[in-house]
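A closer look at the structure
What follows is the residue order along each chain.
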Amino acid sequence: MRFDTVIRHGTVVTASDTFVSDVGIKDGRIAALAADLTDADEVIDATGLFVMPGGIDSHVHLDQPSGDGIVMADDFDSGTRSAAIGGNSTVLAFCMQEKGQSLREALKIYHAKAEGKCHVNVAFHLVITDPTPEVLGQELPALVEDGYTSLKVFMTYEGLRLRDDEILATLDTARRTGALVMVHCENEDAIRYLIGRHEEEGKFAPKFHATTRPVAAEREATHRALSLAEIVDVPIVIVHVSNREAMEEIRRARQRGQKIVGETCPQYLMLTADDLDRSEMEGAKYVCSPPPRDKASQDACWEGLEQGVFDLFSSDHCPFRFDDPEGKLNEQGKRHFRWIPNGIPGVATRLPILFSEGVMKGRIDINQFVAVTSTNHAKLYGLYPRKGTIAIGADADIALWDPNKRITLTNDILLHGADYTPYEGQELRGWPVHLLLGGETIVKDGLLTQRDGRGSYLKRKRSSLFPREA
Ligand code: URP
Ligand code: ZN
Ligand code: ZN
């Protein structure tokens, strides 16, 4: 067979295997894995490089409305450009239902935001903020059939959080229809109470974002979410876990026999609450929820990755500009931490951070790296085996990694819309130097090669946790 493209002399890495092989690509898909594939229009020399499935980041916020006068720093153009530069070929973004809005209306808006702009492939999770009988009884089941097979619910944030009875009703619909539910676990009432106490005590600086959202508020909500899922008998994803106690809740639920997915993020490995205490409002750059904790929590999250408590390593990319009245330093945010928009940029740095600090430092092996950054996302969110692996028949969404390339992270190389990275100056070893999307090169020598977006919208199957179509 004559191939469109052949990747030669690389080391192929999947979630289970590492082997030396050429990769033959035809019509956007992987057509051969063998030695000495030469007959091709284009040959990419991957000597000394790892050939891995493109990263799949299943927790990314793009172009979401974020409160009065606050503007998210990335739309689908800049966010997916940044994703590509960081070795990702697919992102799963959130489609946020406004109160009173139908899910179809919300999806129409997000599809329009994404249309023609995406540099990598995109799919949507539905965020349920208004679980009316129509939404749960009619809309959601139909949308699951249409390929929107996952959703997120919040236990915190005024205006977004659901009550326990609403979470139960949503989980029950998810079980019946075969949708995978992601849960943001923090106890809103406890946080509100603590914010009130901080206000009485005149504590308004960014660092108090962390003290009003303590580990116990996350642990309690995690336990409650797991209990609600147990009552309804449905798998759930506990997203952005920041500490050992929440992790232990996941372990215990699994011991009880529940199917639970755990997710953690780079900020919980790399940052601590001390970062929120940097001078001159600098701490605002690190405000996200749950907040980064302490060194012991970082160690716990590494342990969770090593031991498989976490199936998913996602960015929770939620970018706001720092020095901007529409961003972190809006007028109210300068005076009170509760008005600093929550979230940090990270879609470009997720993979290089885990590769450098995890693989190159021997904390996880390279197959685990592929599992928690790509393959598991594909399986759990209904994209496997077309995405998330290097196999014959899979889409040729492929990242070539140079394990020896040394990079010092600076904001300008990340191509996102934020005016900072939380990881400025971080020295890393290993970088995704080449990215193919459906067999077409979109990143070469670490630089974007295409001006226009080549990504597609991905209609998804049900999660691997719902083995038979519900
Ligand atoms: O602070 C964060 N994580 N912002 C993004 C929204 C969310 O809860 O995932
Ligand atoms: Zn969340
Ligand atoms: Zn998030």
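Per chain, residues are indexed from 1 in the order of the written sequence. By the order in which they are written, chains take letters starting at A while ligands take numbers starting at 1. Confidence filtering applies because this is a predicted model: local features only for residues at pLDDT of at least 70, side-chain atom pairs given and counted only at 80 or more, and all residues used for totals across whole chains, interfaces and linings. For side-chain calculations, the full set of non-hydrogen atoms in the structure is used, while hydrogens and water are omitted.

Once that is clear, we can look at the coordination of the zinc ion (ligand 3). Listed donors are limited to N, O and S atoms within 2.8 Å of the metal, widened to 3.2 Å for Na, K and Ca; water is not among them, so incomplete-looking sites are possible. Around the zinc ion (ligand 3), the protein contributes the donor atoms His59 (NE2), His61 (NE2) and Asp316 (OD), which lie 2.0 to 2.1 Å from the metal centre. Each of the four donor atoms around the zinc ion (ligand 3) contributes to a set of angles spanning 91 to 126°, which defines the coordination as tetrahedral. As a motif over one chain, the donors of the zinc ion (ligand 3) read H-x1-H-x254-D. Between the two metals, the zinc ion (ligand 3) and the zinc ion (ligand 2), the spacing is 3.8 Å. Highlighted residues: histidine 59 in strand S6 (residues 55-60) and aspartate 316 in the loop between strand S13 (312-313) and helix H11 (331-335), separated in sequence by 257 residues. Side by side, histidine 59 and aspartate 316 carry an identical accessibility label, which is buried. Only two sets of limits are used to name each site, 85 to 135 degrees for every angle of a tetrahedral four-donor site, and over 155 degrees for opposite donors with all other angles from 65 to 115 for a square planar four-donor or octahedral six-donor site, with any other site named irregular. Only DSSP runs of H or I with at least four residues qualify as helices, and only runs of E with at least two residues qualify as strands; both kinds are numbered from the N terminus onward. Accessible area is worked out with a 1.4 Å probe on protein chains only. A residue is then buried under 20% of its type maximum, exposed over 50%, and partly exposed in between.

Taken domain by domain, the protein holds domain 1 (3-52 + 386-448) and domain 2 (55-359). Residue ranges assigned to each domain were obtained from an automatic or database domain assignment. Inter-centroid distance (C-alpha atoms) of domain 1 to domain 2 is 28 Å. Working rule for contacts: check all heavy atoms of both residues, and any pair within 4.5 Å makes them a contact. Domain 1 puts 34 residues into the contact, and the matching count from domain 2 is 40 residues. When the two sides are added together, the surface that domain 1 and domain 2 hide from each other amounts to roughly 2,900 Å², 67% of it contributed by carbon and sulfur. We count a salt bridge whenever a side-chain nitrogen from Lys or Arg sits within 4 Å of a carboxyl oxygen from Asp or Glu. Where domain 1 meets domain 2, there are one salt bridge. Once two parts are joined, some of their accessible surface, as seen by a 1.4 Å probe, is lost; buried area is that loss totalled over both.

A word on the site of ligand 1. Contacts to ligand 1 come from 13 residues, most closely from His61, Lys152, His184, Ser289 and Asp316. Polar contact is the term for a pair of N or O atoms within 3.5 Å; when the atoms are in protein, one must be able to donate a hydrogen and the other to accept it, and sequence-neighboring residues count only if both atoms are side-chain atoms. Take glycine 343: an N or O atom from its main chain is 3.3 Å from an oxygen atom of ligand 1. Contact with the protein chains covers 96% of the free accessible surface of ligand 1, which is 260 Å². Definition of nearness: a residue and a molecule or strand are near each other if at least one heavy atom of the residue lies within 4 Å of the molecule or strand. Only the protein chains shown count as cover for residues, with accessible areas throughout obtained via the Shrake-Rupley method and a probe of 1.4 Å.

A few words now on the coordination of the zinc ion (ligand 2). For the zinc ion (ligand 2), every protein donor is listed as Lys152 (NZ), His184 (ND1) and His240 (NE2), and the spread of their distances is 2.1 to 2.2 Å. Sequence spacing of the donor residues for the zinc ion (ligand 2), all on one chain, is K-x31-H-x55-H.

Moving on to the sheet that holds strand S10 (residues 180-184). Two strands qualify as a pair provided DSSP detects at least 2 bridges between them. The strand order S6-S7-S8-S9-S10-S11-S12-S13 describes an open sheet built from eight strands, whose pairing is parallel. In this open sheet, the two strands that pair with only one neighbour each are S6 and S13. Note that S10 and strand S11 (residues 236-238) share three bridges and pair parallel. Across the sheet, residue methionine 182 finds its bridge partner in S11, namely valine 237. Here an axis means a line fitted to C-alpha atoms, over the contact stretch when the element is a helix, while the angle between two N-to-C directions is reported on a 0 to 180 degree scale. Packed on one face of the sheet, helix H8 (residues 244-255) meets S11 and strand S12 (260-264) and runs near 165° to S12.

A separate point is the pairing of strand S15 (residues 427-437). Where burial is concerned, most of S15 is hidden: nine out of the eleven residues are buried. Here strand S14 (residues 398-408) pairs with S15 via eight bridges, running antiparallel. Residue pairing for S15: isoleucine 407 is matched across the bridge by leucine 428. For S15 and strand S16 (residues 440-444), the ladder comprises three bridges, and the chain directions are antiparallel. Bridge assignment links leucine 437 to a residue of S16, and that residue is glutamate 440. Joining the antiparallel neighbours S15 and S16 is a turn of two residues, in which glycine 438 adopts a positive phi near 55°.

So, on to the packing of helix H7 (residues 215-232) against H8. Contact geometry of H7 with H8 gives a least axis separation of 8 Å together with a crossing angle of 15°. By the angle between their directions, the pair H7 and H8 is classed as roughly parallel. For the crossing formed where H7 meets H8, the hand is right-handed. Residues Val215, Glu218, Arg219, Thr222, His223 and Leu226 of H7 touch H8, and the partners they reach there are Glu245, Ala246, Glu249, Ile250 and Ala253. Its residues assigned to classes, the contact of H7 with H8 comprises five nonpolar, two polar and four charged. An angle below 35 degrees is read as roughly parallel, one above 145 as roughly antiparallel, one from 65 to 115 as roughly perpendicular, and any other as oblique. Whether a crossing is left-handed or right-handed is set by the direction in which the near helix is turned from the far one by less than a right angle, anticlockwise for left-handed and clockwise for right-handed. Throughout, the ten residues Ala, Val, Leu, Ile, Met, Phe, Trp, Tyr, Cys and Pro are labelled nonpolar, Asp, Glu, Lys and Arg are labelled charged, and all others, Gly among them, are labelled polar.

What follows is about the packing of aromatic side chains. The aromatic pairing rule takes the rings of Phe, Tyr and Trp, using the six-membered ring of Trp, and pairs them if the centres are within 6.5 Å, calling planes under 30 degrees apart stacked, those over 60 edge-to-face and the rest tilted. Scanning the model with the defined rule gives ten aromatic pairs in all. With centroids separated by 6.3 Å and ring planes inclined at 70°, the aromatic side chains of tyrosine 110 and phenylalanine 124 adopt a geometry described as edge-to-face. You can see tyrosine 110 sitting in helix H2 (residues 103-114) and its partner phenylalanine 124 sitting in strand S8 (residues 121-127), a full 14 residues away along the chain. Comparing tyrosine 110 with phenylalanine 124 shows no difference in burial state: the two are buried. When the centroid spacing of 5.6 Å and the interplanar angle of 80° are considered together, the rings of phenylalanine 369 and tryptophan 401 count as edge-to-face. With phenylalanine 369 in helix H13 (residues 366-380) and tryptophan 401 in strand S14, this pair connects stretches of sequence that are 32 residues apart. In this structure, phenylalanine 369 and tryptophan 401 share a single accessibility class: buried. Ring pairing ties together the aromatic residues Phe76, Tyr110, Phe124, Tyr148 and Tyr457, which thus form one cluster. In this scheme, the term charge over a ring applies when either NZ of a lysine or CZ of an arginine sits within 6 Å of the ring centre and within 35 degrees of the ring normal. Here the basic side chain of lysine 285 rests over the ring of phenylalanine 322, its NZ or CZ set 4.9 Å away from the ring centre. Of note, lysine 379 hangs over the ring of tyrosine 384, and the distance from its end group to the ring centre comes to 4.9 Å.

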